[in-house]
Amino acid sequence: MRVKVHYLGFIRKLINQSEDEFELEEGASLSDLLNQISGIYGRAFQKEVYEPGLKDVKMGFVVTVNGVLMGQLHGVDTQLNNGDNIILMSLMSGG
């Protein structure tokens, strides 16, 4: 199955990439995808955004699957489907 990942804000600048498409096995989870992204973008991504084996992204970052926050789904255990759109972004703050 194929999924599309969009990178926004700090993550986009960190990896110098705005989007990717990934081919995953049927039944793959969000953690499988995040592990693959971590492998591609290496230590900087792992240090700032997601470290393989963790049950959440690092503080200050969110992930949506088809517009729904992963925390409202099954977190990193959320099962992905063909055609899903995933967004990785940093949280905004301000006053």
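Heads up: these notes are all about the structure in this document. Note that the structure is predicted; figures quoted are calculated from it, not measured.

## Here we look at the environment of Asp-77
Positionally, Asp-77 belongs in the loop between strand E4 (68-69) and strand E5 (85-90). The class of Asp-77 is partly exposed, set by a relative accessible area of 47%. Excluding anything up to four places from it in sequence, Asp-77 contacts Ser-29 and Lys-55.

## Comments concerning the packing of aromatic side chains
By the definition in use, this model includes two aromatic pairs. An angle of 80 degrees between the planes, with centres 6.0 Å apart, marks the rings of Tyr-7 and Tyr-41 as edge-to-face. Of this pair, Tyr-7 sits in strand E1 (residues 2-7) while Tyr-41 sits in helix H2 (residues 30-48), and the two are 34 residues apart along the sequence. Ring plane angle 45 degrees and centroid distance 6.0 Å describe the contact between Phe-10 and Phe-61, whose orientation is recorded as tilted.

## Considerations on the sheet that holds E5
An order of E2-E1-E5-E3-E4 is seen for the five strands of this open sheet, with the pairing classed as mixed. Taken across any chain shown, the strands that pair with only one partner, and hence form the sheet edges, are strand E2 (19-23) and E4. Strand direction decides the pairing type here: strand E3 (residues 61-65) and E4, joined by two bridges, are antiparallel. Residue Thr-64 lies in a different strand from E4, and its bridge partner there is Leu-69. Each of E1, E2, E3 and E5 is contacted by H2, which is oriented at about 135 degrees to E2, the strand it contacts most.

Cut-offs and rules
- Residues numbered from 1 in each chain as written.
- Predicted model: local features only at pLDDT ≥ 70, side-chain atom pairs only at ≥ 80, totals over all residues.
- Heavy atoms only, no water.
- Helix = DSSP H or I, 4+ residues; strand = E, 2+ residues; numbered from the N terminus.
- Buried < 20%, exposed > 50% of the residue type's maximum accessible area, 1.4 Å probe, protein only.
- Contact = heavy atoms within 4.5 Å.
- Phe/Tyr/Trp six-rings, centres within 6.5 Å; stacked < 30°, edge-to-face > 60°.
- Pairing = 2+ DSSP bridges.
- Axes fitted to C-alpha atoms, helices over the stretch in contact; angles between N-to-C directions.

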